[in-house]
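# Reading the structure
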Amino acid sequence: MSEQEQRAVERELTMSRAMVEAVAHEMREDEEVFYMGEDVADYGGIFDSTEGLLEEFGRDRIMDVPISETAYLGAAVGAAQEGMRPIAELMFVDFFGVAMDQIYNQMAKNTYMSGGAVNVPMVLTAAVGGTYNDAAQHSQTLYGTFAHLPGMKVVVPSTAYDAKGLMHNAIRDDDPVVYLFHKRLMGIGWMPAPDGPKTPVPEEEYTIPFGSADVKREGEDATVVTLGLHVHRALEAADALAEDGIDAEVIDLRTLVPLDTETIHESVAKTGRLVVVDEDYQSYGVTGEIIASVAEDGLADLEAVERVAVPDVPLPYARPMENEVVPDSEDIESAVRSAHDA
Amino acid sequence: MSEQEQRAVERELTMSRAMVEAVAHEMREDEEVFYMGEDVADYGGIFDSTEGLLEEFGRDRIMDVPISETAYLGAAVGAAQEGMRPIAELMFVDFFGVAMDQIYNQMAKNTYMSGGAVNVPMVLTAAVGGTYNDAAQHSQTLYGTFAHLPGMKVVVPSTAYDAKGLMHNAIRDDDPVVYLFHKRLMGIGWMPAPDGPKTPVPEEEYTIPFGSADVKREGEDATVVTLGLHVHRALEAADALAEDGIDAEVIDLRTLVPLDTETIHESVAKTGRLVVVDEDYQSYGVTGEIIASVAEDGLADLEAVERVAVPDVPLPYARPMENEVVPDSEDIESAVRSAHDA
Amino acid sequence: MFEEMATARYYEERLQEEYLEGKQPAFDISAGPIPGELHLAAGQEAAAAGVCRHLRDDDTVTAPHRPHHVAIAKGVDLKRMTAEIFGRESGLSSGKGGHMHLFDPDAGFACSGIIAQGCPPAVGAGLAAKKRNEDSVAVAFLGEGAISQGAFLESLNLAAVQQLPVVFVIEDNDWAISMPKERVTDVADGSRRAGGFDMPGVRVDYDDATAVYDAAKEAVGRARAGNGPTLLEVQVHRRMGHFMGDPESYRPDEDVAAAEQRDSIERLADDLRSEGVEDDELEAIREEARERVDEAIEWAKEQPEPDPDAAYEDVFVNPPSGVTAQEPDHELAGGDD
Amino acid sequence: MFEEMATARYYEERLQEEYLEGKQPAFDISAGPIPGELHLAAGQEAAAAGVCRHLRDDDTVTAPHRPHHVAIAKGVDLKRMTAEIFGRESGLSSGKGGHMHLFDPDAGFACSGIIAQGCPPAVGAGLAAKKRNEDSVAVAFLGEGAISQGAFLESLNLAAVQQLPVVFVIEDNDWAISMPKERVTDVADGSRRAGGFDMPGVRVDYDDATAVYDAAKEAVGRARAGNGPTLLEVQVHRRMGHFMGDPESYRPDEDVAAAEQRDSIERLADDLRSEGVEDDELEAIREEARERVDEAIEWAKEQPEPDPDAAYEDVFVNPPSGVTAQEPDHELAGGDD
Ligand SMILES: Cc1ncc(C[n+]2csc(CCOP(=O)(O)OP(=O)(O)O)c2C)c(N)n1
Ligand SMILES: Cc1ncc(C[n+]2csc(CCOP(=O)(O)OP(=O)(O)O)c2C)c(N)n1
Ligand SMILES: [Mg+2]
Ligand SMILES: [Mg+2]
């Protein structure tokens, strides 16, 4: 590594800066890339997802749009079918319901329904997650809802490094990509992030391929599979468990579609214990899928299974209740202990 | 049983007639019940779901509405919050995307978000399913999408008898109920139903409680958990397997929310083999949830696991391809054999 | 109207204080006595007061993410609403809903935090009234940024074709977060949307409570008489950012200054004085409003926080027997992260 | 126009024959050479032909569930379209899309089976043209039943505020399945929806291809010149039910009879004759149309059915390496239920 590379890699960025850097790079390289959404221009994105881009690229390429998600997400589909590469932001993922037909029946299916004659190279970005008491309509992750319906790749970064590489890949991908960033990880001034997501990020471009989970911590005693904010909570839990001699492996899925089942299965073959953690509703979602996929192919390896997720209730407002239902590191810790003792 | 009761029970109905009978009964009993949807009045419902009701109840209670699902499903939410008991039909479940916010962010959450101060006693009905080449936007079941999001009860009948009892219960329930009927089971003139769904149906009212799965066939060698159309395909598979001495138990879930895990776990404790079958997309959905729920509580009982569902592709149009991806009885048969031989 | 407006104004100022105080020294959305986001409406009181003055308890109002001034005008229980905003057990929703999800069925009041999604339920309330042959009406409030959202536009059509007793009220403060009205629609007068559905549309060009009162009288009267819906737009001037913590760097200084000059409460006070109301009387009303608000805030802050386990209740009013929301079966640490 | 209209009419009649023949003796939607539902548009040709006459290959059209006449007017490959409708491997979508999902990017044509959901992508095509400084335009077709759907209404606003080169064309056949227009909206003239977005709206009151041609010339011209969108409504008279197999018991006999009398093709033929076109010439065009259609249908029926395993392809154009749609790992029986 040259000295300059060394310096670059020592440079730490927040997750939002890393995302913006990838977007800006791709916009410089390719005139067909543009960004549209509510409050993405002058405001710079409610969650800093476009901070500074208006100044460089102007209103034609960093476009504010009316509060009409069906129209503008659908317009992104149409522009993508013409060969442009729109990035369209849904401010909170919770708003998907006002535009879901364009998302799942058009964006995600037009490639298949046309037998590959058209394709839809767009990125749909959205903020996800709770932990700041924004209640039932502004705190969801909805990971499972998007991952369940075919035709979208689903990306969930947990660190600045991953966020940048995955964003480069998302914009270059010729298929629709749903890129879900957790508000709590962005490093927004008014919502302090935990330490983990701010990482060294190289200045140059790089891609992280979809479908490659990342082992964020190696361990022998239990496999914790998770993503997004909960990668950091799982790492915290793993540190606490290590003090008691329980050595947990933490796998960050990074993408739900495609899903890297291989990395999961290998880990479970080693540990025999599977704990799946996410911030989505528990039933009929991510946790079930991961467990089923291991049960299908590696039942013999499995000695214990636990899941930790939001217990099938809408997200409550008041702090004691939100804290109760959003899994924290202690919830993860006790689930790993249960699995370990089983 | 009196002779008259005997006669009543011998009376066979199609699934659609059984549903309509329950709706008509409840409408006679309670003035606050009304039905709204597209083509539910003069047409009698595209899938015969309201056949004959306009004549008895008139346009005020069997209401045609503009093609604006957000407005009219939301109006049902509003009327329900005033204490009425609307039944609102979404013609095809595939259209949920144009109105999902009203469904999942209002209908399903207002009870919780109000701490129980208001409730939403409405039934959302929708036709589901493929098998007649209606392609990617008109053939889905989407079971998992509704079951994943909290606040809705989710009902999927497979026979006329169940359809009636579940409909009575749905209308009387004080919470929002999503009632999904499979087109192929309805007994519509232009879409011949298989034999199974037409069953004896008592003339009098009766309810089937939510959360009680029904063992449609008892067996010792494998547990097939399924719902809707696939109950009949599983029974067909079980008959074929019986000829080879494999005795499959077939469990019809009947409701996904609440889920009757007890019946499933008991069966698996007996058979050790779990095969989950549905017509929804495979990943992050129903099949994963059932397997995970057994793995969590009965891992020791589990000797083999298989799932049979739509393989994460949109529904293709041409017959050979649709037949390939929608599970048929032979697919179920071979999955049971695999589980049996494992 | 003066009373509701004075109450709402002072209420918002007090909430702002409480909210921001708790976020010191550095603004952290998760700190302080009021959880989450907070959208205040100081400066918009005329629209709510002028309309709600014509409403009864059995009329239904739905409000958007910025609901307090509307709730106060509609007569929502101030103490329990405040307790809800502070996330307390005795709040309207037992602390589950929060400031964007205020439900007071006794006062005929509900909210939604999703743009324009209060419109269809308001149409449903109007539908219920019509079906029951009652003369109650429903009113949906929304911001000018919401008039391009399908839920609103579809609702106009459904209310019109069914001739339902519904009034749609657009509060036009010129801004949807950072987006000025002219960037998001070509129609400066949002009430023009009504024409495409054959519905009357009226705009009150200045946040003059008396003018709103007069326009709303006609609209509510039309609805109550069974003559169908109306779309009403009211120009308002919000004195605060989109949400607390919003730096408003996008908003020109002149615009902020202009909003501060156009004080609809002062204007109404002038109107009342010219009708012979004494200054003392107005001051007495203000004083009473302050007392009521201070008392509600004091009361709310004394209320207990909800039990963490209450989170598992109220998903359903008929919970399936033996089935509640899934509590994790491993030991639960919860409640303290 | 006459050629496209004659082709479309004969095409629909032939498809009807093929479709219904296959459903004998009892109508079974799953039987016969044409799978699934079939929505035909005989009688609506004027709207499609009059508009598309002004379009180039690089212009984009989106059509709804009833797309054939529009596709033919836009120059979609007739053979491959027919093969698609018959569910064959050489179809436009290799048999994956079917009659509601015809995509021909070379001809600038796409569909959606969900009401009004073709509108936003058409706006997007217009946006792309504007961003690229190209003078191509986009046209979204929809039925009069679709004008109360959010996707359409939001699209009007977005196209208007961004001044995009888009034309929205409502084909008003008075019916949305069993629901007559007056039951679903109060506005008899759907083009009035445009006013609420400050967009020009025009209605052609009779399915007169020449009148449509003239109105569309202005609308398409306006778009191409960079002067923004237009909403155009055309009265049409459909001669068939909503879908094949629809008993149309809701539709009064007079209405059916009226539709049969108002034949826009005959009307255009009259216009042409009065402009001096000879009967022979018209008959020659019709004959050529019949030949083209018969040939396309013959060709389509000779094409092979797709391989069942093709179902696993085309979910993505960049399938993740090593990951395809999940083929079941137990032995697959498939393909024959
Ligand atoms: C469907 C949807 N899209 C976006 C948002 C985010 N959002 C909340 S308030 C707001 C601006 C609303 O502007 P306006 O309607 O004018 O109301 P104001 O805030 O000015 O009172 C936006 C975009 C949302 N809540 N719902
Ligand atoms: C969002 C949505 N709702 C309902 C339907 C079902 N549907 C298909 S066509 C149709 C009627 C459409 O009427 P119109 O727009 O006038 O077109 P026409 O069929 O008369 O050509 C309906 C309700 C749908 N496809 N999508
Ligand atoms: Mg505003
Ligand atoms: Mg029509």
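Please read all numbers here as calculations on a predicted model, not as lab measurements.

### Observations regarding the coordination of the magnesium ion (ligand 3)
Residues and elements named next belong to chain C. Summarising the metal site, the magnesium ion (ligand 3) is bound by the protein donors Glu-144 (OE), Asn-173 (OD1) and Trp-175 (O), whose distances to it range over 2.0 to 2.2 Å. One chain supplies every donor to the magnesium ion (ligand 3), and in sequence these donors are spaced E-x28-N-x1-W. One end of the pair, Glu-144, is in the loop between β3 (138-143) and α6 (150-161); the other, Asn-173, is in the loop between β4 (166-172) and β5 (175-176), with 29 residues separating them in the sequence. For the pair formed by Glu-144 and Asn-173, the shared burial category is buried.

### Section: the environment of Ile34(D)
With respect to the element layout, Ile34(D) can be found in the loop between α1 (2-22) and α2 (45-52). For the pair formed by Ile34(D) and Gln16(D), sequence separation is 18 residues and the distance between their alpha carbons is 9.7 Å. Excluding residues that lie within four positions of it along the chain, Ile34(D) makes contacts with Tyr317(B), Arg319(B), Leu15(D), Glu18(D), Tyr19(D), Lys23(D), Ile85(D) and Phe86(D).

### Here's the deal with the state of the cysteines
All names here are of chain C. Enumeration according to the criterion identifies zero disulfides over all chains in this entry. The thiol of Cys-111 is unpaired, and the distance to the nearest cysteine sulfur, on Cys-52, comes to 12 Å. No disulfide involves Cys-119; its sulfur sits 13 Å from that of Cys-111, the nearest cysteine. Residue classification places Cys-119 among the buried positions, given a relative accessible area of 1%.

### As for the domain arrangement of chain A
Residues and elements named next belong to chain A. Assigned domains within chain A: domain 1 (10-200) and domain 2 (214-341). A straight line from the C-alpha centre of domain 1 to that of domain 2 covers 26 Å. Taken together, the 31 residues of domain 1 in the interface contact 25 residues of domain 2. The contact between domain 1 and domain 2 buries some 2200 Å² in all, and 59% of this surface belongs to carbon and sulfur atoms.

### Focus: the site of ligand 2
Taken together, 20 residues form the shell around ligand 2, and within it Glu69(B), His65(D), Arg66(D), Gly145(D) and Trp175(D) come nearest. At ligand 2, the nearby residues belong to more than one chain, namely chains B and D. A distance of 3.0 Å separates a nitrogen atom of ligand 2 from a polar backbone atom of Gly113(D). For ligand 2, an oxygen atom lies 3.3 Å from a polar atom in the backbone of Ala146(D). In the complex, the protein chains occlude 97% of the 580 Å² of accessible area that ligand 2 would expose alone. In terms of residue class, the shell around ligand 2 is made up of nine nonpolar, six polar and five charged.

### Some details on the side chain of Asn169(A)
Looking at the secondary structure, you find Asn169(A) in helix α8 (residues 160-172). Under the relative-accessibility criterion, Asn169(A) is labelled buried at 16%.

### As for the pattern of salt bridges
Residue and element names in this part refer to chain C. With the rule as written, the count across this model stands at 102 salt bridges over all chains. The partner of Lys-301 in a salt bridge is Glu-18, and the shortest N-O contact between them spans 2.8 Å. Within this pair, whereas Lys-301 is found in helix α11 (residues 279-302), its partner Glu-18 is found in helix α1 (residues 2-22), the two being separated by 283 residues in sequence. Take Lys-301: its relative accessible area is 34%, and that puts it in the partly exposed class.

### Structural notes on the interface of chain D and chain B
Contacts between the two partners involve 59 residues from chain D, matched on the other side by 55 residues from chain B. A buried area of about 4500 Å², summed over both sides, lies between chain D and chain B, and 56% of it is on carbon and sulfur atoms. Inspection of the chain D/chain B interface yields two salt bridges. The residue Arg183(D) makes a salt bridge to Asp64(B) at a minimum N-O spacing of 2.7 Å. Where the side of chain D that touches chain B is concerned, the elements lending two or more residues are α4 (78-85) and α7 (181-184) of chain D. Looking at the side of chain D that touches chain B, its residues break down into 25 nonpolar, 21 polar and 13 charged.

### Quick notes on the sheet that holds strand β6 (residues 153-155) of chain B
Residues and elements named next belong to chain B. One open sheet holds the seven strands; their spatial order is β3-β2-β4-β5-β7-β6-β12, and the pairing between them is mixed. Two strands close off the open sheet at either side, each with one partner strand: β3 (62-64) and β12 (255-257). Averaged over all pairs of adjacent strands, the angle between their axes in this sheet comes to 20°, without regard to strand direction. As judged from the three bridges shared by strand β2 (residues 33-37) and β3, these two strands associate in the parallel manner. Looking across to β3, one finds that Tyr-35 is bridged to Ile-62.

### Side note on the site of ligand 1
Of all residues adjacent to ligand 1, which total 20 residues, the nearest are Glu69(A), His65(C), Arg66(C), Gly145(C) and Trp175(C). Taken together, the residues near ligand 1 originate from chains A and C. Contact between ligand 1 and Arg66(C): an oxygen atom at 2.6 Å from a side-chain N or O atom of the residue. At a separation of 2.8 Å, an oxygen atom of ligand 1 approaches a polar backbone atom of Trp175(C). Protein coverage of the free-state accessible area of ligand 1, which is 580 Å², stands at 97%. Here the residues of the shell around ligand 1 are counted per class, giving nine nonpolar, six polar and five charged.

### Here we look at the interface of chain C and chain A
Buried accessible area, meaning the area lost when the parts come together, often serves as the stated size of an interface. In this complex, chain C contributes 59 residues to the contact, which on the side of chain A involves 55 residues. Both faces combined, the contact of chain C with chain A buries some 4500 Å², and carbon together with sulfur accounts for 56% of it. Where chain C touches chain A, the interface holds two salt bridges. With its nearest N and O atoms 2.9 Å apart, the salt bridge here joins Asp42(A) to Arg183(C). Where chain C meets chain A, there are 18 residue pairs in polar contact (both at pLDDT 80 or more). For the side of chain C that touches chain A, the secondary-structure elements that each account for two or more residues are α4 (78-85) and α7 (181-184) of chain C. For the side of chain C that touches chain A, the class distribution of residues is 25 nonpolar, 21 polar and 13 charged.

### Remarks on the packing of aromatic side chains
For the coordinates displayed, the defined rule picks out 22 aromatic pairs over all chains. Here the aromatic rings of Tyr104(A) and Phe96(B) are separated by 4.8 Å at their centres, their planes lie at 50°, and the arrangement is tilted. Of the two residues, Tyr104(A) is situated in helix α5 (residues 100-107) and Phe96(B) in the loop between β4 (85-92) and α5 (100-107); the pairing between them involves two chains. The exposure classification of Tyr104(A) matches that of Phe96(B), with both residues buried. Summarising the aromatic geometry, the rings of Phe47(B) and Trp190(B) are spaced 6.1 Å apart at their centres and angled 40° between planes, so their arrangement reads as tilted.

### Regarding the side chain of Gln162(C)
Mapped onto the elements, Gln162(C) comes out in the loop between α6 and β4. In this structure Gln162(C) comes out as buried when scored by relative accessible area, which is 17%.

### Description of the coordination of the magnesium ion (ligand 4)
Within the protein, Glu144(D) (OE), Asn173(D) (OD1) and Trp175(D) (O) serve as the donor atoms for the magnesium ion (ligand 4), at 2.0 to 2.2 Å. Counting along the primary sequence, the residues that act as donors to the magnesium ion (ligand 4) give the motif E-x28-N-x1-W.

### Some words on the confidence of the model for chain C
All names here are of chain C. Overall, the predicted model of chain C reaches an average pLDDT of 93, with 95% of residues at or above 70. This model gives residues 330-337 a pLDDT under 50, and the stretch forms 30 contacts once residues within four places in sequence are excluded. Here the predicted complex scores 0.97 on pTM and 0.97 on ipTM.

### A short note on the nonpolar core
Ranked by size, the top nonpolar core spans 416 residues in total, and within it Phe152(C), Phe168(C), Phe152(D) and Phe168(D) carry the most contacts. Sequence-distant contacts of Phe152(D), that is, excluding residues within four places in its chain, are made with Ala116(D), Cys119(D), Leu142(D), Ala146(D), Ile147(D), Phe168(D), Ile170(D), Arg193(D) and Leu231(D).

### Observations regarding the environment of Glu287(C)
Checked against the element boundaries, Glu287(C) lands in helix α11. Residues Glu287(C) and Gly241(C), spaced 46 residues apart in sequence, show a C-alpha to C-alpha distance of 26 Å.

### Things to note about the sheet that holds strand β13 (residues 273-281) of chain A
All names here are of chain A. With respect to topology, five strands assemble into an open sheet ordered β9-β11-β10-β13-β14, the strand pairing being mixed. The outermost strands of the open sheet, each flanked by one partner alone, are β9 (214-217) and β14 (304-310). The average undirected angle you get between the axes of adjacent strands in this sheet is 25°. Pairing of strand β10 (residues 222-226) with strand β11 (residues 248-252) involves five bridges; the strand directions are parallel. Opposite Ala-222, over in β11, you have Ala-248 as the bridge partner.

Rules behind the numbers
Residues numbered from 1 in each chain as written. Chains lettered and ligands numbered in written order. Predicted model: local features only at pLDDT ≥ 70, side-chain atom pairs only at ≥ 80, totals over all residues. Heavy atoms only, no water. Donors = N, O, S within 2.8 Å, 3.2 Å for Na, K, Ca; no water. Helix = DSSP H or I, 4+ residues; strand = E, 2+ residues; numbered from the N terminus. Buried < 20%, exposed > 50% of the residue type's maximum accessible area, 1.4 Å probe, protein only. Contact = heavy atoms within 4.5 Å. Disulfide = S-S within 2.5 Å. Domains from an automatic or database assignment. Buried area = accessible area lost by both parts, 1.4 Å probe. Near = heavy atom within 4 Å. Polar contact = N/O pair within 3.5 Å; in protein donor to acceptor, adjacent residues only side chain to side chain. Areas by Shrake-Rupley, 256 points an atom, 1.4 Å probe, with all protein chains shown as cover. Nonpolar A, V, L, I, M, F, W, Y, C, P; charged D, E, K, R; others polar. Salt bridge = Lys/Arg side-chain N within 4 Å of Asp/Glu carboxyl O. Pairing = 2+ DSSP bridges. Axes fitted to C-alpha atoms, helices over the stretch in contact; angles between N-to-C directions. Phe/Tyr/Trp six-rings, centres within 6.5 Å; stacked < 30°, edge-to-face > 60°. pLDDT = per-residue confidence, 0-100. Core = buried A, V, L, I, M, F, W, Y, C linked by side-chain atoms within 4.5 Å.

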